[in-house]
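# Report on the structure
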Amino acid sequence: MDMLMFELNKNTTKPLYEQLYMGIKTGIMCKQIEVGTKLPSKKKLADFLNISQTTIEVAYAQLIAEGFIVSKPRIGFFVEDFDELPYIETKQVELPVKTAEEKIIQFDFHPGKIDTDSFPFSLWRKYAKDLYDLPSKELLQIGEAQGENALRSEIAKYLYQSRGIVCEPEQIVIGSGTEQLLPMILRLLENDSNFALENPGYSAIPRIQLQNKAIPIPVDEDGLIVDELERTNANVVYITPSHQFPTGAVLSATRRTQLLHWAAKAENRYIIEDDYDSEFRYTGKPIPALQGMDQNNKVIYLSTFTKSLMPSLRVAYFVLPSTLLKKYKETFSYYSATVPRFDQHIVANFMRDGHFSKHLNRMRKIYRKKLDKLTHIFKMYYPEVIITGDQAGMHILISLPLSISEESLKKVAAESSIAIYPVTDYLLKPIEYKYPTFLLGFGGIPLEKIEDGIHQLMQCWGIAK
Ligand SMILES: Cc1ncc(COP(=O)(O)O)c(C=O)c1O
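Residues numbered from 1 in each chain as written. Predicted model: local features only at pLDDT ≥ 70, side-chain atom pairs only at ≥ 80, totals over all residues. Heavy atoms only, no water.

## Structural notes on unusual backbone geometry
For the record, the criterion: Each helix corresponds to a stretch of at least 4 residues labelled H or I by DSSP, and each strand to a stretch of at least 2 residues labelled E; elements are numbered beginning at the N terminus.
Look at the link from Asn199 to Pro200: it is a cis peptide, with omega at 0 degrees. Relative to the elements of secondary structure, Pro200 occurs in the loop between strand E6 (195-199) and helix H7 (204-210). Of note, the bond from Phe245 into Pro246 is cis; its omega dihedral lies within 30 degrees of zero at 10 degrees. Looking at the element boundaries, Pro246 is found in the loop between strand E9 (236-239) and helix H9 (253-264). Even without being a glycine, Lys31 presents a positive backbone phi close to 65 degrees. Here Lys31 shows up in the loop between helix H1 (16-29) and strand E1 (38-39).

What follows is the structure, given as C-alpha cells:
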C-alpha cells in the first residue's frame, strides 16, 4: 500500500488521528484501497508519517469499530469487505420558500398571550438552579409515567383548596399540554363513543383528532345548551363550564345539574371538563368545578399551567375518575411522561413554597387592571361596540356595528400591523352572527399600550371616537 497517499496537515485544528482515519476510510470507500489489503503496521506508519503511534492506534481503532478494517493478531490490519449503502436517486425536494421577512405585529390580540413583564424570573431561576445540581442526580433517570408524584401531590392539594376537587395524586396524569393530553383522553373513551363539542369552541380539539366526527352543540349566554346535547347520540361531551371558550359564558347552575344527570343516565357517558383559565375570574365568587359536584365518576377534569404560569412550559394535567384508572394503565403502560422531570420539580417546589398562589393573586390583579382599562376605553369612546365575556380570562368578545365581513376586517387590521382573531375561526359548524365578532386577547398587551392599541384598531376599521 502506498503510504504516501496520506497528506496530514499539522496546522489545522482537525486532529491528526481524524485526518488519518478519514484518509483511509475515503480510500476504502472509493475502492482506492482494495478489500483484503494489509495496512502498514502502526510503527511503520508512525515512522513514515512522523507522528506518534498512539495517533495511528486511535485511527485504526475507529476504523475497526466501524467495520472498515479487521485486526488479525500478530499478522496485521486488513481492509474488510463491506456492503455498500444503497443509493436511491431521489428528486430534489423543494423546501418551502421563505416568505419575505415577517411583518412586525404592533398589537397582537391573540387570546393565548400572557403578560410576560410580570413573570417572577429570579424566583424561577432560583428553583431551577437549586435543582440542576448533584443532590438531584436521581432526576436524570426516567421518571414516573403519570408524572412526578411531587407535582401530582401539589396539584391535588391545589385543586382541593381552589377548585373543590377531591382527588388522590394517583388519579392525576401530567402531560405536555392540553393538546397532548386530550388525544389520550379521547383514546381512553374511544370505543363506540360519539363525541360532542361546544360550538363555537376550542379549535384545537377538532384539529387534533375529531375532525368531522364531532357533534357540534350550540352555546348561549348560559353555556352549553344541554337540551341540544340530549337530542344527539353523543356519549362524551367536551365542555369549558367555568369560562366557555371563546364566548366567556359560565354554565348556569341548572345546566350543571342537567349535564350531570345526562351523564349519569348511561354507563359509557362522560364529561371532559376543561378548566383552562379558572384562576382568572374577576367578578363574583369562583365557579366551582363540575368535577367536585359529580357523585358518579363521570367527569374527567382537565387543566393546564398555560395561563397560570406560561404557555411555553407545556405542562397540563387531567384527573381521572377512579373507575377509569385501570383502563388508563392498560392503554398507556408503554408511554413515558412527556414533561422533563426537572421542569416538573421546579413547578412542584414553586407550588410547595406558596409561590404559585402568590403569583396567581398578583397576575389576577394585573389582568383585571388590563380588562378594566379595555372596557373603559370601549365604554368611553366606542359605546356602539358590544362587549361580552368580560367576567374572566384573558380575552373578551367584541361585536362591531359594521356590515363588513370578518375576513376583510382582519385583513385591514393586518395592514395596520394588528393581529385580531374572528370568532368564526372557532366554529365547528357555521353560525350566522348578526355582527362581525372578534376575540380580543389583552393578556399580552402591556397596560400602557392598551388604549393606543384599541384606538388604532378602531381607526383602521373606520369606527370614529
Ligand atoms: C379552551 C382551552 N383549553 C386549553 C388551553 C391550553 O392548552 P395547552 O395546555 O395545550 O397550552 C387553551 C389555550 O390557551 C384553551 O383555550
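Still more ground to cover, so stick around.
## Focus on the pattern of salt bridges
This is how the line gets drawn: A carboxyl oxygen of Asp or Glu within 4 Å of a side-chain nitrogen of Lys or Arg is what we treat as a salt bridge. Three exposure classes are used, based on accessible area relative to the maximum for each residue type with a 1.4 Å probe and protein chains only: buried under 20%, partly exposed in between, and exposed over 50%.
In the structure shown here, the tally under the stated rule is 16 salt bridges. Among the salt bridges present, the one from Lys157 reaches Glu154, with a minimum N-O distance of 3.3 Å. On the criterion of helical spacing, the pair formed by Lys157 and Glu154 is a turn pair, its members being three residues apart in helix H5 (residues 149-163). Under the relative-accessibility criterion, Lys157 is labelled partly exposed at 44%.

## Quick look at the packing of aromatic side chains
As a reminder, the rule being used: A pair of aromatic rings is counted whenever rings of Phe, Tyr or Trp (Trp by its six-membered ring) have centres within 6.5 Å, and the orientation is called stacked for planes under 30 degrees apart, edge-to-face for over 60 and tilted otherwise.
Across all of its chains, the model carries 21 aromatic pairs by this definition. Ring centres 6.2 Å apart and planes at 80 degrees place the aromatic pair Tyr127 and Phe350 in the edge-to-face group. With Tyr127 in helix H4 (residues 121-131) and Phe350 in helix H12 (residues 341-352), the pair connects residues that are 223 residues apart, well separated along the chain. The exposure classification of Tyr127 matches that of Phe350, with both residues buried. Between Phe245 and Tyr426, the aromatic rings sit 5.3 Å apart at their centres with planes inclined by 80 degrees, giving edge-to-face as the arrangement. In this pair, Phe245 is assigned in the loop between E9 and H9 and Tyr426 in the loop between strand E16 (421-422) and strand E17 (437-441), connecting sequence segments 181 residues apart. You'll find Phe245 and Tyr426 in the same group, each marked buried.

## Points about the environment of Leu409
Here is the rule: Residues count as neighbours in contact if any of their non-hydrogen atoms are within 4.5 Å of one another.
Turning to its location among the elements, Leu409 is positioned in helix H14 (residues 406-415). In this structure Leu409 comes out as buried when scored by relative accessible area, which is 2%. Each C-alpha atom, one on Leu409 and one on Leu427, is 18 Å from the other, the two residues being 18 residues apart in sequence. Beyond its immediate sequence surroundings of up to four residues, Leu409 is in contact with Leu400, Leu402, Ile404, Pro436, Phe438 and Trp461.

## What about the packing of H5 against H12?
To keep it simple, the criterion reads: The angle between two axes is taken between their N-to-C directions and runs from 0 to 180 degrees, where each axis is a line fitted to C-alpha atoms and a helix contributes only its stretch in contact. Oblique is the label for every angle not falling under 35 degrees (roughly parallel), over 145 degrees (roughly antiparallel), or within 65 to 115 degrees (roughly perpendicular). It is the rotation of the near helix from the far one that decides the hand of a crossing: anticlockwise by less than a right angle makes it left-handed, clockwise makes it right-handed. Nonpolar residues are Ala, Val, Leu, Ile, Met, Phe, Trp, Tyr, Cys and Pro. Charged residues are Asp, Glu, Lys and Arg, and all others, Gly as well, are polar.
One way to put it is that H5 packs onto H12 with a least axis distance of 8 Å and a crossing angle of 40 degrees. With respect to H12, the element H5 is oriented oblique. Pair H5 / H12 crosses with left-handed handedness. Residues Ala150, Leu151, Glu154, Ile155 and Tyr158 of H5 lie in contact with H12, whose contacting residues are Gln344, His345, Val347, Ala348, Met351 and Arg352. The residue makeup of the contact of H5 with H12, split by class, is seven nonpolar, two polar and two charged.

## Quick look at the sheet that holds strand E2 (residues 69-72)
Short version of the rule: In short, DSSP must find at least two bridges between two strands for them to pair.
Within the open sheet, the three strands sit side by side as E1-E3-E2. Their pairing is antiparallel. The open sheet has two free edges, formed respectively by E1 and E2, since each of these has just one partner strand. Here helix H3 (residues 53-65) sits on the sheet and contacts E1, E2 and strand E3 (76-79); the angle it forms with E2, its principal contact strand, is near 110 degrees.

## Topic: the environment of Met458
Mapping Met458 onto the fold places it in helix H15 (residues 447-460). A sequence separation of 45 residues divides Met458 from Ala413, and the C-alpha atoms of the two residues are 9.1 Å apart. Other than its neighbours up to four places away in sequence, Met458 contacts Phe378, Tyr382, Val385, Ile398, Leu400 and Ile463.

## Examining the packing of helix H13 (residues 355-381) against H15
Geometry of a packed helix pair, given as the angle between the helix axes and the separation of the axes. Where H13 meets H15, the closest approach of the two axes is 9 Å, and the angle between their N-to-C directions is 35 degrees. Pair H13 / H15 crosses with right-handed handedness. Contacts from Lys369, Lys370, Lys373, Leu374, Ile377, Phe378 and Tyr381 of H13 reach H15 at Leu447, Ile450, Glu451, Ile454, His455 and Met458. In the contact of H13 with H15, the residues fall into eight nonpolar, one polar and four charged.

## Regarding helix H2 (residues 42-49)
Where we set the bar: Arc definition: it is the arc formed by the directions from the helix axis to the C-beta atoms.
Here H2 has its buried residues at Leu45, Ala46 and Leu49. Across the axial projection of H2, the buried residues extend over an arc of 100 degrees, all falling on one side. For H2, exposure combined with an orientation more than 90 degrees from the buried face picks out Lys44 and Asp47. In this structure, the buried residues of H2 make contact with H1 and H3. Among the residues trailing H2, Asn50 stands out with phi positive, at a value near 60 degrees.

## Some remarks on the sheet that holds E17
The sheet built from four strands is open, its strands ordered E13-E14-E17-E16 with antiparallel pairing. This sheet does not close on itself; its edge strands, each paired only once, are strand E13 (386-388) and E16. In this fold H13 packs onto E13, strand E14 (395-399) and E17, with an angle of close to 10 degrees to the strand it touches most, E14. H14 rests against E16 and E17 of the sheet, and its axis sits at about 40 degrees to E17.

Purely geometric numbers; function is a separate question.
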